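If you want the building blocks of each chain, they are given just below.
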Amino acid sequence: MILVTGATGNVGSALVKQLAGAGGPVRGLSRGGDASRLPPGAEAAAGDLNNPESLIPALSGVSAVFLLPGYENMPATLAEIRRAGAERVVLLSGSSVGGGDLGNVISRYMIESETAVRESGLPWTFLRPGGFMTNTLQWADQLRTGDVVRAPWAGVRIANIDPWDIAAVAAAALRSVEHEGRVYALSGPESLLPADRVRILGEVLGRELRFEGQSDEEARAEMSTQMPAEYVDAFFSFYSDGTIDESRVLPTVEEVTGREPRTFRQWAQANAGAFA
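The sections below set out a description of the structure shown in this document.

Parameters at a glance
- Residues numbered from 1 in each chain as written.
- Predicted model: local features only at pLDDT ≥ 70, side-chain atom pairs only at ≥ 80, totals over all residues.
- Heavy atoms only, no water.
- Helix = DSSP H or I, 4+ residues; strand = E, 2+ residues; numbered from the N terminus.
- Rg over C-alpha atoms; globule rule 2.2 N^0.38 Å.
- Contact = heavy atoms within 4.5 Å.
- Areas by Shrake-Rupley, 256 points an atom, 1.4 Å probe, with all protein chains shown as cover.
- Core = buried A, V, L, I, M, F, W, Y, C linked by side-chain atoms within 4.5 Å.
- Buried < 20%, exposed > 50% of the residue type's maximum accessible area, 1.4 Å probe, protein only.
- Pairing = 2+ DSSP bridges.
- Axes fitted to C-alpha atoms, helices over the stretch in contact; angles between N-to-C directions.
- Polar contact = N/O pair within 3.5 Å; in protein donor to acceptor, adjacent residues only side chain to side chain.
- Salt bridge = Lys/Arg side-chain N within 4 Å of Asp/Glu carboxyl O.
- Phe/Tyr/Trp six-rings, centres within 6.5 Å; stacked < 30°, edge-to-face > 60°.
- Lys NZ or Arg CZ within 6 Å of the ring centre and 35° of its normal.

1. Structural notes on the overall build of the protein chain
Link 1 in the chain: For the protein chain, the count of helices and strands is 10 helices and nine strands.
Link 2 in the chain: In terms of overall dimensions, the protein chain is globule-like: its C-alpha atoms have a radius of gyration of 19 Å, near the 19 Å expected for 276 residues.
Link 3 in the chain: Seen along its three principal axes, the alpha-carbon backbone of the protein chain occupies a region of about 55 × 40 × 35 Å.
Link 4 in the chain: Partitioning the intrachain contacts of the protein chain with sequence separation of at least 6 by distance along the chain shows that 70% fall at a separation of at least 24.
Link 5 in the chain: Of the roughly 12500 Å² of accessible surface on the protein chain, a fraction of 47% belongs to carbon and sulfur atoms.

What follows is the structure, given as structure tokens:
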């Protein structure tokens, strides 16, 4: 039995679908434990990653756990996972961990999560993807009312990855000892500017879309209405100051899964309805 935390999120939902589709036993954890949001063949379990004791029923009989980062008392959560007899943990982390910047709130919670897993005594695999293709869904409201996308960091290239491919690597690592102790940096197959993504999305939708870059001042003001200041600072550190480089196209997905990662065009075709 494999337990997938965050089973209704971007990566978790794709992972549950792949594991259930392969016929293996999988249990999807969410706060509400809503079985209707899981595919056929998957068990539903309720639990809160900020409350390690709430996870005990979901961990019964589990051999491997896909774990999200950044929750309260990760050492206690990992102790419960070990007590349940799990054989390995696959942790979703992020590309900024390599920089080691504990002053960046996003990097810090991922670094601390990796440290907790390393110190837990459990066999582990870390996944460090760059930007998700699903971040493009942030543009959906703009494209429902017009043909212009305004977004920050017009000059920053990112080799965005489809969460489906992150899930495929996670599935491999959860089912085999050969990935234990490995840190996998993950990317998509092409390095794109925001304007490139808008162009491809327009071609898929059959619309004449246009990209307009925001100034840092405009972007900071808008983001400050959506998230705490320390998270705004973290993203500006990444993309305005250039403390991370997510432009590199990496071979990891193909090396682990035996197939090339999905292109942005493929992702856009699969998710075109979100922009209608």
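2. Section: the nonpolar core
Link 1 in the chain: Counting 53 residues, the largest nonpolar core has Leu15, Val65, Phe66, Leu67, Ile81 and Leu127 as the members making the most contacts within it.
Link 2 in the chain: Ranked by residues supplied to this core, first place goes to helix H5 (residues 163-175) with eight residues.
Link 3 in the chain: Not counting residues within four places of it along the chain, the set of residues in contact with leucine 67 comprises Thr5, Leu49, Met74, Thr77, Leu78, Ile81, Val89, Val90, Leu91, Leu92 and Val117.
Link 4 in the chain: Within the second largest apolar cluster, 16 residues are counted, among which are Ala140, Val149, Phe264 and Trp267.

3. Here we look at the sheet that holds strand S8 (residues 182-186)
Link 1 in the chain: The seven strands are arranged S3-S2-S1-S4-S5-S6-S8 in an open sheet whose pairing can be described as parallel. Two strands close off the open sheet at either side, each with one partner strand: strand S3 (42-46) and S8. Neighbour-to-neighbour, the strand axes of this sheet turn through a mean angle of 20°, independent of strand direction.
Link 2 in the chain: Across four bridges, strand S4 (residues 64-67) lies against strand S5 (residues 88-92) in parallel orientation. Bridging from a neighbouring strand, alanine 64 pairs with arginine 88 of S5.
Link 3 in the chain: Set on the sheet, helix H2 (residues 74-83) makes contact with S4 and S5; between it and S4 the angle comes to about 160°.

4. Some details on the environment of tyrosine 239
Link 1 in the chain: Here tyrosine 239 lies in helix H8 (residues 229-239).
Link 2 in the chain: Residue tyrosine 239 is classed as buried on the basis of its relative accessible area, which comes to 17%.
Link 3 in the chain: In contact with tyrosine 239, other than residues within four places in its own chain, are Trp153, Val156, Ile158, Ile244 and Glu246.
Link 4 in the chain: Side chain to side chain, tyrosine 239 and glutamate 246 meet in a polar contact 2.9 Å long.

5. A few points about the pattern of salt bridges
Link 1 in the chain: A full pass over the atoms with the stated rule returns 16 salt bridges.
Link 2 in the chain: Arginine 83 serves as the salt-bridge partner of glutamate 80, at 2.9 Å between the closest nitrogen and oxygen. With glutamate 80 and arginine 83 both in helix H2 and three residues apart, this pair spans about one turn of that helix.
Link 3 in the chain: For glutamate 80, a relative accessible area of 14% puts it in the buried group.
Link 4 in the chain: Assessed through its relative accessible area of 61%, arginine 83 is described here as exposed.
Link 5 in the chain: With a shortest N-O distance of 3.7 Å, aspartate 196 and arginine 157 are connected by a salt bridge. Here aspartate 196 is found in helix H6 (residues 194-205), whereas its partner arginine 157 is found in the loop between strand S7 (148-151) and H5, with 39 residues between them in sequence.
Link 6 in the chain: A relative accessible area of 39% places arginine 157 in the partly exposed class.

6. Thoughts on the packing of aromatic side chains
Link 1 in the chain: One pass over the full model with this rule turns up seven aromatic pairs.
Link 2 in the chain: Ring geometry for tryptophan 124 against phenylalanine 126: centres 4.1 Å apart, planes inclined by 15°, an arrangement best described as stacked.
Link 3 in the chain: Take tryptophan 124: its relative accessible area is 13%, and that puts it in the buried class.
Link 4 in the chain: Assessed through its relative accessible area of 0%, phenylalanine 126 is described here as buried.
Link 5 in the chain: Ring centres of tryptophan 153 and phenylalanine 236 lie 5.2 Å apart, and the angle between their planes is 70°; this geometry places the pair in the edge-to-face category. Placement of tryptophan 153 in the loop between S7 and H5 and of phenylalanine 236 in helix H8 is noted, with a sequence separation of 83 residues between them. Considered together, tryptophan 153 and phenylalanine 236 belong to a single accessibility category, that of buried residues.
Link 6 in the chain: An aromatic cluster is defined as three or more aromatic residues linked by ring pairs; in this entry it consists of Trp153, Phe235, Phe236, Phe238 and Tyr239.
Link 7 in the chain: The ring of phenylalanine 236 carries the charged tip of arginine 220 above its face, separated from the ring centre by 4.3 Å.

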